[in-house]
Structures are given as structure tokens and as C-alpha cells.
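# Breakdown of the fold
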Amino acid sequence: MPDLPKSVPRTAWYVYLYDGTEEYVTFADGLVEEIPPRTVAESGSWQFNFRHDPAGPRSYDPLEHTDRYDRVVEIGRWAGRYVLREPLEAEPRYREQVPPGNPSLLVGLQPAYETPAGGVWGLVDGYDETNALPETGLTVTLDVTMLATTDDYETRDEVVAELSF
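What comes next is a walk through the structure. (Residues numbered from 1 in each chain as written. Predicted model: local features only at pLDDT ≥ 70, side-chain atom pairs only at ≥ 80, totals over all residues. Heavy atoms only, no water.)

### A short note on the pairing of strand β1 (residues 13-18)
As a reminder, the rule being used: Buried residues are those whose accessible area, probed at 1.4 Å on protein chains only, stays under 20% of the maximum for their type, while exposed residues exceed 50% and partly exposed ones sit between those limits. In this text, helices come from DSSP runs of H or I with a minimum length of four residues, and strands from runs of E with a minimum of two, each type numbered from the N-terminal end. Only strands joined by at least two bridges in the DSSP assignment are considered to pair.
Within β1, 5 of the 6 residues are buried, which leaves the element mostly enclosed by the surrounding structure. As paired elements, β1 and strand β2 (residues 23-28) share 6 bridges and run antiparallel to each other. Counterpart to tryptophan 13 in the pairing with β2 is alanine 28. Between β1 and the antiparallel strand that follows it, β2, lie 4 residues; glycine 20 among them carries a positive phi value of about 105°.

In C-alpha cells, the structure reads:
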């Protein structure tokens, strides 16, 4: 994973995305539940908060909470459109079934600070939005099938090269 500013809140998570033309990173202000178990080829739910900053745009991400949230939610309409093949005694392989030029379902989820669990690369299976007060904060839950840890593969390109078929 690329080196990113560490001036983000200690609860923050980086979300690595690909919009169909370029890679980019945004961040969620916090993970609501505890970190899901990291088991390859198993799905876990990651519930992220995106909060409004009354002080204005942050130096480490100038996007408002609504824009950061929209970037993550954009993946939702394609959720689950992939094939996962689990060969014996090997890492799972995947193929996305998303039309070219649309967001990739492959995401990287990385805590902003060291945690014993670390980050993961996975495929988005589904999502859910629960937003009572969008002016102050937004929440999205991503269901993600884990392909590998960020210790195994540092970049999205490595994951694609090694695990897609």
C-alpha cells in the first residue's frame, strides 16, 4: 500500500478504489464494528462512518464526507458481479463481470494506523446504507469477500496480476 499521511484520525481506514480508468484512495473516518475475521474466500461486513468536519476540508483529503461516501457507494450497484474460483491448495482466483469503464469491485481496506489485523484486498459482494443524519455523518456497510492481505500484495496491480483469471 502507498505511504499516506498519518495525520488522519486514529480510527480512520483508507479505501483503495479503481473507477474504471484510474486508481485512487479515499478514507472513512472510522470502522463502526470490530474488524471482520480475515479468512481468504470468506465474506465479512465492514461498516464505515463518513463524518462532516465543521472545520472544513482536511489537508489529507480535501473531499467532504459526502463525496468520500459517494465514491465508496458507487461500487454498490455492481456488487457481487464477479466469479470466484477456489482451486485446491491455492489462492482463490476471480474474474469481475463489470462493464469496462465502471468501478472495480476489487477494493483495498487498510487501517490508517498499525493494527494487529492489518488490511485486506477483497471483492465487494453487497452494500447497505443507513443514514439518519446525512448532513453530519453517513454510514455504509460493505460486504467484502477477502482475497488476500495487504501484507501479501502491496498494490492493486499485484492482486490483479496474480489472482484474476
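Right, picking up where we left off after that structure.
### Overview of the packing of aromatic side chains
What counts, and what does not: The criterion for an aromatic pair is that two Phe, Tyr or Trp rings (for Trp, the six-membered ring) have centres within 6.5 Å, with stacked assigned to planes under 30 degrees apart, edge-to-face to planes over 60 apart and tilted to the rest. For a Lys NZ or an Arg CZ to count as sitting over a ring, it must be within 6 Å of the ring centre and within 35 degrees of the ring normal.
Counted by the stated rule, this structure contains 5 aromatic pairs. Aromatic pair tryptophan 13 and tryptophan 46: ring centres 5.3 Å apart, planes at 65°, arrangement edge-to-face. With tryptophan 13 in strand β1 and tryptophan 46 in strand β4 (residues 43-51), this residue pair connects regions lying 33 residues apart in the sequence. Note on tryptophan 13: relative accessible area 4%, which makes it buried. Seen from their ring centres, phenylalanine 50 and tyrosine 69 are 5.9 Å apart, and the 75° between their planes marks the pair as edge-to-face. Here phenylalanine 50, found in strand β4, pairs with tyrosine 69, found in helix α1 (residues 65-73); they are 19 residues apart in sequence, far enough to count as distant. Among the aromatic side chains, those forming a connected cluster through ring pairs are Trp13, Trp46 and Phe48. The side chain of arginine 68 reaches across the aromatic face of phenylalanine 27, ending 4.2 Å from its centre.

### Considering unusual backbone geometry
Within the chain, alanine 41 stands out as a residue other than glycine whose phi angle is a positive 75°. Secondary-structure assignment places alanine 41 in the loop between β3 (30-31) and β4. According to the relative accessible area criterion, alanine 41 is buried, its value standing at 16%.

### So, the side chain of threonine 141
Our working definition: By definition, residues are in contact when any of their heavy atoms lie within 4.5 Å.
Tracing the backbone through its elements, the reader meets threonine 141 in strand β9 (residues 137-149). Those residues in contact with threonine 141 that sit more than four places away from it in its chain are Ser45, Trp46, Gln47, Gly126, Tyr127 and Asp128.

### Re the sheet that holds β4
The criterion, for reference: Each axis is a line fitted through C-alpha atoms, taken for helices only over the stretch in contact, and angles between the N-to-C directions span 0 to 180 degrees.
Pairing is antiparallel in the open sheet, where 7 strands are placed in the order β2-β1-β7-β8-β9-β4-β3. The open sheet has two edge strands, β2 and β3, and neither has a second partner. Sitting on the sheet, α1 touches β1, β2, β4, β8 (120-129) and β9, and the angle it makes with β9 is about 40°.

### Side note on the nonpolar core
For the record, the criterion: The set of buried Ala, Val, Leu, Ile, Met, Phe, Trp, Tyr and Cys residues whose side-chain atoms join them within 4.5 Å is what this entry labels a nonpolar core.
The biggest cluster of nonpolar side chains holds 41 residues, and the ones touching the most others in it are Trp46, Phe48, Phe50, Leu105 and Leu109. Elements supplying a minimum of two residues to this core: β1, β2, β4, α1, β7 (106-111), β8, β9 and α2 (156-163). Looking at this core, the element that brings in the most residues is β9, giving 7 residues. When residues no more than four places from it in sequence are discounted, the contact partners of leucine 105 are Ile75, Trp78, Ala79, Gly80, Arg81, Tyr82, Glu96, Val98, Gly122, Leu123 and Val124.

### A short note on the pattern of salt bridges
Pairing of side chains with opposite charge becomes possible as their charged atoms draw close. Filter applied, for reference: The salt bridge definition used is simple: a Lys or Arg side-chain nitrogen within 4 Å of an Asp or Glu carboxyl oxygen.
Counting across every chain of the model gives 2 salt bridges. Arginine 68 is paired through a salt bridge with aspartate 29; the nearest N and O atoms lie 3.2 Å apart. Here arginine 68 is found in helix α1, whereas its partner aspartate 29 is found in the loop between β2 and β3, with 39 residues between them in sequence. For arginine 68, a relative accessible area of 0% corresponds to the buried category.

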